[in-house]
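Structural characterization, general
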Amino acid sequence: MSPAASAPVFSHLPRPLGPPPMLSTLLLRHRLTAAAAASPTRSPLRVLAAMSSSASSSSPHGGRKPNRLAAEHSPYLLQHAHNPVDWYPWGDEAFEKARAKDVPIFLSIGYSTCHWCHVMEVESFENEEVAKLLNDWFVSIKVDREERPDVDKVYMTYVSALHGGGGWPLSVFLSPNLKPLMGGTYFPPDDNYGRPGFKTVLRKVKEAWETKRDALERTGNLVIDQLRDALSANASSQDLPNDLAVVSVDQCVEKLSSSYDPKFGGFGSAPKFPRPVEDYIMLYKYRKHMEAGKESEAQNIKKMVTHTLDCMARGGVHDHVGGGFHRYSVDECWHVPHFEKMLYDQGQIVNVYLDTFLITGDEYYSTVARNILDYLRRDMIGKEGEIFSAEDADSAEYEGAPRKKEGAFYVWTSKEIEDALGENAELFKNHYYVKSSGNCDLSPMSDPHNEFKGKNVLIERRPASLMASKSGKALAEYSQILGACRQKLFDIRSKRPRPHLDDKVIVSWNGLAISAFARASQILKSGPTGTRFNFPVTGCNPVEYVEVAEKAANFIKQKLYDASSKRLHHSYRNGPSKAPGFLDDYAFLINGLLDLYEFGGNIEWLLWAVQLQVTQDELFLDKQGGGYFNTPGEDPSVLLRVKEDYDGAEPSGNSVAAINLIRLSSIFDAAKSTGYKRNVEHLLAVFETRLRQLSIALPLMCCAADMLSVPSRKQVVLVGQKGSVEFQDMVAATFSSYDPNRTVIQIDPKNTEEMEFWDSNNPNIAQMARSSPPGKQAVAHVCQDCKCSPPVTSPEALRQLLNKTLAATSSAA
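Rules and cut-offs
- Residues numbered from 1 in each chain as written.
- Predicted model: local features only at pLDDT ≥ 70, side-chain atom pairs only at ≥ 80, totals over all residues.
- Heavy atoms only, no water.
- 1 Å grid on protein atoms, 1.4 Å probe; cavity = no way out; pocket = protein on both sides within 12 Å on 5 of 7 lines; lining within 4 Å.
- Points joined across faces, edges and corners; volume = space filled by probe spheres on them.
- Helix = DSSP H or I, 4+ residues; strand = E, 2+ residues; numbered from the N terminus.
- Nonpolar A, V, L, I, M, F, W, Y, C, P; charged D, E, K, R; others polar.
- Buried < 20%, exposed > 50% of the residue type's maximum accessible area, 1.4 Å probe, protein only.
- Right-handed = clockwise from strand over helix to strand, strands pointing away.
- Pairing = 2+ DSSP bridges.
- Contact = heavy atoms within 4.5 Å.
- Axes fitted to C-alpha atoms, helices over the stretch in contact; angles between N-to-C directions.

Identification of the protein chain as Spermatogenesis-associated protein 20-like TRX domain-containing protein from Urochloa decumbens is taken from an unreviewed UniProt entry.

Below, the structure written as structure tokens:
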């Protein structure tokens, strides 16, 4: 995200920061979570900033020579390669220079699609006066937070803990030994709105360094020590209380329900972010209620999720013309978004819509999932199958424009739509609330500074079925007209200057997308045949989606995985980054590979997931204290090893790792299964207090705790010739219902490699494959609670058996 201006005032300068209060571990964790969850707001500075906003990638360099960043691969660093600031990348050269000069380090962290990062660049880093102050008094380091999330985590944690909030750009002053001295986020160049300007801050920091250096450094050491204690918690016991799963899930669902917006959907108030982990736990609890026979409670939860997803999909946060979702909406009605698009959002949102489709059977949700996936296929995938990171919010209004503006690529005037659509313009304008005066008037928060005056952000205020009825047209005809109109607008929009594409490939985010594509390849087969789709949905055979997932996984395996060390690199652009793989990279990729195996059937992905889990345990697992650190701990310049637990815009690595371990435990025999479960129990024990007292911050981990408490995870073992139509029909039947506590194993008894794997790792599965009825292309075994149902050989029989299992559970309750 690109939070708006938010910087500590530093009223205490030139005095150094006093020693921070000794916060308890739990209190500090709560404070950090609150800061992480805090939504950015639009600042009074936004109008000024928007007028001057520009990415340096499109700015003239004024004849300046490139600085050191020109040799980097990161798009964000390259955007700053012609600044007059004497930038260094993060590394020993910069650290040694600071020690040699005995001056502080100015650390600036951001990412290439960050709106406020662009603003601060234009206002300060392109400014010769500011550059001279930085070059004379500091050693300046620029870091891409997506390339080095480990570095970002240290200093974002520092700023969030001391000032109650953070965001990007992150601006932190460090001692030459990398301990933080002072910090904030965006600073305007000059004093304004009661805030210190960046030039003032630089002078005050220089003065404090020269007059109060010892106190500053002591404070930096103390803060890092406190944070280290707070963020590397150990479990007091490996035994989990029996009530933890129920208490944590119920409390989280209750908290979310109490914050539900019945008018516009979503949990909480504006600005509104899609946070898919919230919908995940709500749907998980829906299933638990259905199993317990509490249908009324289940329907209430379903209504909250479906209304939220309906409002999101109809809102301006959804790109109706090109597909996919923007980062968040600034208002309560999901209308005016912050326009950047992030890969981590797309993959998670797809899975929520897929799950909701399975629960409701409503094709509307499957179509939204296709909309996102087809956007990714069209705009976000490279020639070798790699999936790119993000698209910027800002772009030029026309070729050669001196400045970029937020949303310029996406907004429309009424006349533009009339000229493009002719006789269908009125129908389209009525459907998407297009007005000649502009439509960003639904909330006082939508456009408080009239940045979008006369512009329209497309939004559906009424369902298409209702609008079709009012127009006197059949829904199918009406939808086809809208689709044709969107295609025309898309073609026109494609001729506009495009927002910057961050074509960096991040392993963790690719893992989330791999999961979505793999799951869609089977779940979408549940829809009726012959459905007509309208642009921007392609309407492909769902099988094509698994091919996308496999290409992305192959790219990572070939370009970002060292087969000899069995380690991942974190990211790729013109070659692997220097940064190693972090916990999120391993955990998210393992999750994607397990989905790729369960939904696609190729055992290669299961084998790789198992190996990656071994490496993850070697690099990140705290064998004594429990849980996983987010870094390997091998880089001395990274001062903190954090055990992340907050499930925010992205789920935490520990939450995903816990679910991965539970899934793996249901695949292997008892000996290996026990080891996986023991690690999950130890992990959850680390965060027991948090799960009890602040469960709303950990919705996915709450689900993991409940999954672990389930006596026996359901196994569906599909045996037969995988390429046959009969087998694929059985796979589709398996995934035609929503069940988060299910493991699917696909096995071909004629495949020697597969049989050797199962003989070594779970002989019961191998025996099941050998003893399946001969002469059948596909046989399904459903096993739970140490017993298996008689094998079935037709998709309909399998569906009935799986539905009967749920019904039996409900009646037993």
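Resuming the write-up.
Now for the layout of surface pockets. There is about 820 Å³ of room inside the second largest pocket. Tyr364, Thr367, Ala464, Ser479 and Asn534 are, among the 28 residues lining the second largest pocket, the residues nearest its centre. Listing elements by their share of the lining of the second largest pocket, those giving two or more residues are helix 12 (295–314), helix 14 (363–379), helix 17 (464–471) and helix 18 (475–493). Of all the elements, helix 18 adds the most residues to the lining of the second largest pocket, at 6 residues. Grouping the constituent residues of the lining of the second largest pocket by class yields 13 nonpolar, 9 polar and 6 charged.

Quick look at the pairing of strand 17 (residues 714–720) now. Across the 7 residues of strand 17, 7 count as buried, placing the element largely inside the fold. For the crossover that starts at strand 17, traverses helix 27 (residues 725–734) and ends in the parallel strand 18 (residues 742–747), the hand is right-handed.

The next subject is empty space enclosed by the protein. Per the stated rule, a full pass over the model turns up 6 cavities of 30 Å³ or more. Taken as a whole, the largest cavity holds about 620 Å³ of empty space. Lining the largest cavity we find 31 residues, and of these Tyr280, Asn351, Arg519, Asn591 and Asp595 sit closest to its centre. Counting residues per element, the lining of the largest cavity draws most heavily on helix 13 (residues 343–360), which supplies 6 residues. Each residue belonging to the lining of the largest cavity can be placed in one class, and the counts come to 17 nonpolar, 6 polar and 8 charged. Estimates place the volume of the second largest cavity at around 80 Å³. Residue lining of the second largest cavity: Gly316, His318, Asp319, His320, Val321, His326, Phe339, Tyr410, Trp412, Val457, Leu458 and Arg493, and that is the complete set.

Another point: the sheet that holds strand 18. In spatial order, the strands read 18-17-19-20; together these 4 strands make up an open sheet with mixed pairing. This sheet does not close on itself; its edge strands, each paired only once, are strand 18 and strand 20 (787–788). As paired elements, strand 17 and strand 19 (residues 778–784) share 6 bridges and run antiparallel to each other. Residue valine 719 lies in a different strand from strand 19, and its bridge partner there is valine 779. Packed onto the sheet, helix 27 meets strand 17, strand 18 and strand 19 and runs at close to 170° relative to strand 17.

Let us now look at the sheet that holds strand 5 (residues 180–184). One open sheet holds the 5 strands; their spatial order is 1-3-2-4-5, and the pairing between them is mixed. Both outer strands of the open sheet, strand 1 (87–89) and strand 5, are each paired with one neighbouring strand and no more. Averaged over all pairs of adjacent strands, the angle between strand axes in this sheet comes to 30°, irrespective of strand direction. Pairing of strand 4 (residues 170–174) with strand 5, which is carried by 4 bridges, proceeds in the antiparallel orientation. Following the sheet pairing, serine 171 is matched in strand 5 by glycine 184.

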